[in-house]
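Secondary and tertiary structure notes
In case you want the letters, here they are:
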Amino acid sequence: MSRLNLLCVIARPSAGGRGNLTFPFVPRVRRDCFVAALLAKTYGCLLSIDFLIIIIIYIVKTEHYEADSQLGKVALYKWYNQGGSQRIRICSRKIIPCKELSMATERKIIDVWMQHPFLDFVNHPMFESLRRWTRTDKITDELPAEFTIAAMDQAHVQKGLICAWWGPQGSLIHNDKVASLVKQFPDRLVGIASVNLFKPMEAVRELRRCVNELGFKGLRIVQWFWNLPPIDRRYYPLYAECIELDIPVCLQVGHTGPLCPSEPGRPIPYIDEVALDFPELRIVCGHIGYPWTTEMIAVATKHPNVFIDTSAYTAKRYPAELVNYLNSHGRNKVLFGSNFPMLTAARCLEAFDELKLDEEVKEFFLYSNAKRIFKLD
């Protein structure tokens, strides 16, 4: 058995609790009201208990690990027997049995919008509003690649498209950092590049390097980060290069979570005009497009090269018009995304079966559309 095992601490609110429990990307919950569950990585993933909040901790290659005070001074101990088996004692807490996720484990899933929670990225001031809304704190230590893989395992995600981030002040997640993650887990992670819009030729050369040398499968540009609509002249050399490299460009549509202007995320006129100018360019529009979801569906219906991904939304929050689109003529046009670490894939898919999609639509949405559009192996 691997020396890397997953501890999942499950928490939910209850009346009368005292104190706050905090952990990166997980809402604060009452410290007196959490239960813990252990799941070895080889045993699949967990839990279909309603409204649970999953806190993931990795115990990596150590004989003893003590959680910090944010976890209420829970002590975690790990021992190994000669045969490689292991046991873990969680002090002063109740162990509960693990259950399978309600979603069928046979289902293949590709998550098309993920970021690894690098310190400089998740602690950036622009995400302060997101931390406030989700009741999360900044983190103090870099988390291993296995943290992200654990979140994927929890929902049986086979591949995650993990992206770099570049903005006006420079790189928040450098392409080479993404490449290092992909190198560690080449069968699980796929790189998505990001480049400097303000230096067009440098950006084109970097995109070529990412695709030809690092094996990346797409380009992500988050328009609100630049406060430039996607019809700005700075984007166009990159659109042309994406066509030459035969990769999609991934844009953001809809309002912004960070306190930045939402205008660059409008599907009409911006995505519509880009698709008209570049009919060969595959355009994947992340974050559904709310409050312009109907516009986004109209643009995706109009243009064969425009697609929608559901990142940043849980299944229970998918707008009715998007679900109707999925179930009808949009079955080849919508892709699953989580926007990890803001949301885990497991949380996004908690109410997925309640959408009552037919099996073919589920397969297209969760897997086949992404495989086709990003040309994944």
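Structure: see above.
Residues numbered from 1 in each chain as written. Predicted model: local features only at pLDDT ≥ 70, side-chain atom pairs only at ≥ 80, totals over all residues. Heavy atoms only, no water.

**Examining the side chain of S338**
By the secondary structure assignment, S338 is in the loop between β18 (334-335) and α11 (345-348). Of the polar contacts made by the side chain of S338, one reaches the side chain of D111; its length is 2.5 Å. A polar contact is formed between the side chain of S338 and the backbone nitrogen of F340, at a distance of 3.0 Å. (Helix = DSSP H or I, 4+ residues; strand = E, 2+ residues; numbered from the N terminus. Polar contact = N/O pair within 3.5 Å; in protein donor to acceptor, adjacent residues only side chain to side chain.)

**Some points on the sheet that holds strand β10 (residues 159-163)**
Across the sheet, which stays open at both edges, the three strands sit in the order β9-β10-β13 with parallel pairing between neighbours. Only two strands of the sheet have a single partner each, and these edge strands are β9 (110-114) and β13 (189-192). The sheet shows a mean angle of 20 degrees between the axes of neighbouring strands, direction not considered. The pairing of β9 with β10 spans three bridges and is classified as parallel. Pairing of M114 across the sheet is with I162, part of β10. Packed onto the sheet, helix α4 (residues 175-184) meets β10 and β13 and runs at close to 165 degrees relative to β13. (Pairing = 2+ DSSP bridges. Axes fitted to C-alpha atoms, helices over the stretch in contact; angles between N-to-C directions. Contact = heavy atoms within 4.5 Å.)

**Brief notes about helix α9 (residues 293-302)**
Buried within α9 are the following residues: T293, M296, I297, V299 and A300. Seen from one end, α9 has its buried residues packed into an arc of 165 degrees, which puts them on one side. Against the buried residues of α9 lie α8 (267-277), β16 (283-286), β17 (306-309) and α10 (320-326). (Buried < 20%, exposed > 50% of the residue type's maximum accessible area, 1.4 Å probe, protein only. Arc of directions from axis to C-beta.)

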